[in-house]
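Architecture at a glance
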Amino acid sequence: MNFNRNTDSFKAQEITMQRSKVVSLAEAVLEDPSNMLCQALLNQTMKRLEMLLSA
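Notes on the structure follow. (Residues numbered from 1 in each chain as written. Predicted model: local features only at pLDDT ≥ 70, side-chain atom pairs only at ≥ 80, totals over all residues. Heavy atoms only, no water.)

Quick word on the nonpolar core
I15, V22, L25, V29, C38, L42, L49 and L52 form the largest nonpolar core, which has 8 residues in total. Counting residues per element, the ones that place at least two in this core are α1 (2-31) and α2 (36-54). Beyond its immediate stretch of four places on either side in the chain, L25 contacts C38, L41, L42 and T45. (Core = buried A, V, L, I, M, F, W, Y, C linked by side-chain atoms within 4.5 Å. Buried < 20%, exposed > 50% of the residue type's maximum accessible area, 1.4 Å probe, protein only. Helix = DSSP H or I, 4+ residues; strand = E, 2+ residues; numbered from the N terminus. Contact = heavy atoms within 4.5 Å.)

Some points on α1
Here α1 is 30 residues long and its end C-alpha atoms lie 44 Å apart, about the 44 Å a rise of 1.5 Å per residue gives. Listed as buried for α1 are E14, I15, Q18, V22, L25 and V29. Buried-residue contacts for α1 involve α2. (Expected span 1.5 Å × (residues − 1).)

Topic: the pattern of salt bridges
For the structure shown, the criterion picks out 1 salt bridge. Note that R48 and E14 form a salt bridge whose closest N and O atoms lie 3.4 Å from each other. On the criterion of sequence distance, the pair formed by R48 in helix α2 and E14 in helix α1 is long-range, its members being 34 residues apart. (Salt bridge = Lys/Arg side-chain N within 4 Å of Asp/Glu carboxyl O.)

Description of the environment of C38
Turning to its location among the elements, C38 is positioned in helix α2. Using a relative accessible area of 14% as the deciding quantity, one classes C38 as buried. Separated by 13 residues in the primary sequence, C38 and L25 have C-alpha atoms spaced 6.1 Å apart. Beyond its immediate stretch of four places on either side in the chain, C38 contacts L25, A28 and V29.

Any link to function would need more than the numbers given here.
So this is what it looks like as structure tokens:
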């Protein structure tokens, strides 16, 4: 039971971190749409967040 609680807590922290990254990267892409690195990181982070939310 404690393991599940720790896992849920870790997942919630990971989701919060990924959401923050998405917001920051989206702002960076909006400021400089030609920044391909930020665009790639944004896509990667959104996929990671989507995976976490669907699990």
